[in-house]
Amino acid sequence: MKRFLVAVAVAMSSVAAWAEDEAGRRAAEPVGENAASESAEPAPADPAPPAYDANAPITNADWRNLMNSARQVREASMTIMVLAVTLFSILVLGGLVLFTAGLAPNAVARSSVATRDHPVRCFAIGAVVLVLGGLATALTKGLLGIVVAPVLTAALLIGLAGVSEHLGRNLWHLAGKEGNRVGHIAAGWGSFALVAVVPLVGWFGFLPYYASVGVGSFFSGLIWGGEKRAEEPFGRA
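Residues numbered from 1 in each chain as written. Predicted model: local features only at pLDDT ≥ 70, side-chain atom pairs only at ≥ 80, totals over all residues. Heavy atoms only, no water.

Engineer: Residue-level account of the overall build of the protein, with values.
Structural biologist: Looking only at helices and strands, the protein has seven helices and zero strands in total. Seen in sequence order, the protein has helices and strands lined up from the N terminus as α-α-α-α-α-α-α. Relative to its 237 residues, the protein shows a buried fraction of 24%. Partitioning the intrachain contacts of the protein with sequence separation of at least 6 by distance along the chain shows that 75% fall at a separation of at least 24. Accessible surface computed for the protein: about 16500 Å², of which carbon and sulfur atoms make up 71%. (Helix = DSSP H or I, 4+ residues; strand = E, 2+ residues; numbered from the N terminus. Buried < 20%, exposed > 50% of the residue type's maximum accessible area, 1.4 Å probe, protein only. Contact = heavy atoms within 4.5 Å. Areas by Shrake-Rupley, 256 points an atom, 1.4 Å probe, with all protein chains shown as cover.)

In structure tokens form, the structure reads like this:
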């Protein structure tokens, strides 16, 4: 019995010693953390932005940024204006072509037939007429332009209507549909306008070529006539 009590006392003293060591270790941990936090240096704060000064002089960098912004705005405005003018011109000329087709349907039909049957001859005639008309107007200091300009304008509108009808008819046939003359002219004018506005190739290639073909087809149809088609209305143009 005496030995049991001695063993119990030894065990209790061991447990008490362990408890004191554990309490001391836990009490020392916050102290170490506080010491580490106190010894650590504070992070540098972000510098505050400088206050705006309305009376401060404008630097060269500010002027360059301002001029670059103004140039970008001007270029964007010019691009939008050119696109708007181009689209408006296409729509207006398309309306004139349709108006011409309604005003002189037989002349447009003859021009379309001449374009279909003799495109090379129409181009040659149109190129010669345009060159001679321009030279005559220049040599007479614009006196003949009073007569030449209306004739060439009428020939160009009728010829472009005929060329547009020819192109549009082929497009409708490629789509497997017959269509009508208004649809042919609208489709042909739309495709011609899209090709004509292409830089360089359209400006100096397709546009002068089809303008010459149009003028030449008018005079070719006027001189040699053309075969009547089923959709062509009868009567004088």
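Engineer: Explain a nonpolar patch on the surface residue by residue, including any values.
Structural biologist: A cluster of nonpolar side chains, Val195, Val198, Leu200, Val201, Trp203, Phe204 and Phe206, forms an exposed patch at the surface whose accessible area comes to about 680 Å². Among the elements that make up the nonpolar patch, the one with the highest residue count is helix α7 (residues 201–224) (four residues). Looking at where Phe206 falls in the secondary structure, it is placed in helix α7. (Patch = residues over 30% accessible without salt bridge, like charges linked within 9 Å, V, L, I, M, F, W, Y side chains within 5 Å. Salt bridge = Lys/Arg side-chain N within 4 Å of Asp/Glu carboxyl O.)

Engineer: Could you give an account of the packing of aromatic side chains, naming the residues involved and the relevant values?
Structural biologist: Per the counting criterion, the structure on display carries six aromatic pairs. For the pair Phe192 and Tyr210, a centre-to-centre distance of 5.8 Å together with 80° between the ring planes defines the contact as edge-to-face. Placement of Phe192 in helix α6 (residues 181–196) and of Tyr210 in helix α7 is noted, with a sequence separation of 18 residues between them. Centre to centre, the rings of Phe218 and Phe219 are 5.1 Å apart; their planes meet at 75°, and the pair counts as edge-to-face. Across the pair, exposure class does not vary: Phe218 and Phe219 are buried alike. The ring of Trp224 carries the charged tip of Arg121 above its face, separated from the ring centre by 4.2 Å. (Phe/Tyr/Trp six-rings, centres within 6.5 Å; stacked < 30°, edge-to-face > 60°. Lys NZ or Arg CZ within 6 Å of the ring centre and 35° of its normal.)

Engineer: Lay out the packing of helix α4 (residues 119–139) against α7 with the relevant residues and their values.
Structural biologist: α7 packs onto α4 with a crossing angle of 100° between their chain directions and a minimal axis gap of 6 Å. Between α4 and α7, the angle is such that the two are roughly perpendicular. Contacts between α4 and α7 involve Pro119, Arg121, Cys122, Phe123, Ile125, Gly126, Ala127, Val129 and Leu130 on the former and, on the latter, Tyr209, Ser212, Val213, Val215, Gly216, Ser217, Phe219, Ser220 and Trp224. Of the residues contributing to the contact of α4 with α7, the split by class is 12 nonpolar, five polar and one charged. (Axes fitted to C-alpha atoms, helices over the stretch in contact; angles between N-to-C directions. Parallel < 35°, antiparallel > 145°, perpendicular 65-115°, else oblique. Nonpolar A, V, L, I, M, F, W, Y, C, P; charged D, E, K, R; others polar.)

Engineer: Lay out the environment of Ala211 in plain terms, naming residues and giving numbers.
Structural biologist: Position of Ala211 relative to the elements: it lies in helix α7. Residue class for Ala211 comes out buried when judged on its relative accessible area of 18%. It is 8.4 Å that separates the C-alpha atoms of Ala211 and Phe123, two residues lying 88 residues apart in sequence. Those residues in contact with Ala211 that sit more than four places away from it in its chain are Leu156 and Leu160.

Engineer: Explain the environment of Ala107 to me, and be specific about the residues and the numbers.
Structural biologist: Within the secondary structure layout, Ala107 lies in helix α3 (residues 105–117). Looking at Ala107, the relative accessible area reads 10%, which means it is buried. Put simply, Ala107 and Ala155 are 48 residues apart on the chain and 9.8 Å apart in space, counted from C-alpha to C-alpha.

Engineer: Can you tell me about unusual backbone geometry, naming the residues and giving the values?
Structural biologist: Unlike most non-glycine residues, Leu200 shows phi in positive territory, near 65°. With respect to the helices, strands and loops of the structure, Leu200 is situated in the loop between α6 and α7.

Engineer: For the pattern of salt bridges, give the residues involved together with the corresponding values.
Structural biologist: When the charged atoms of two side chains with opposite charge come close together, those side chains can pair. According to the stated counting rule, one finds three salt bridges in the structure shown. The closest approach of N and O atoms between Asp117 and Arg116, which form a salt bridge, is 2.9 Å. Residue classification places Asp117 among the partly exposed residues on the basis of a relative accessible area of 36%. Overall, the relative accessible area of 35% leaves Arg116 in the partly exposed class.

Engineer: Give me helix α5 (residues 145–174): which residues, what numbers.
Structural biologist: Between the first and last C-alpha of α5 there are 42 Å, a value that for 30 residues agrees with the 44 Å anticipated at 1.5 Å per step. Taken from the residues just after α5, Gly176 is the one with a positive phi, measuring 80°. (Expected span 1.5 Å × (residues − 1).)

Engineer: Lay out the side chain of Ser212 in plain terms, naming residues and giving numbers.
Structural biologist: Within the secondary structure, Ser212 is located in helix α7. Those residues within four positions of Ser212 in sequence are excluded, and the remaining contacts are Cys122, Phe123, Gly126, Ala127 and Leu130.

Engineer: Just give me the short version of α4, but keep the residues and values in it.
Structural biologist: Between the first and last C-alpha of α4 there are 30 Å, a value that for 21 residues agrees with the 30 Å anticipated at 1.5 Å per step. Just downstream of α4 lies Lys141, where phi reads positive at about 55°.

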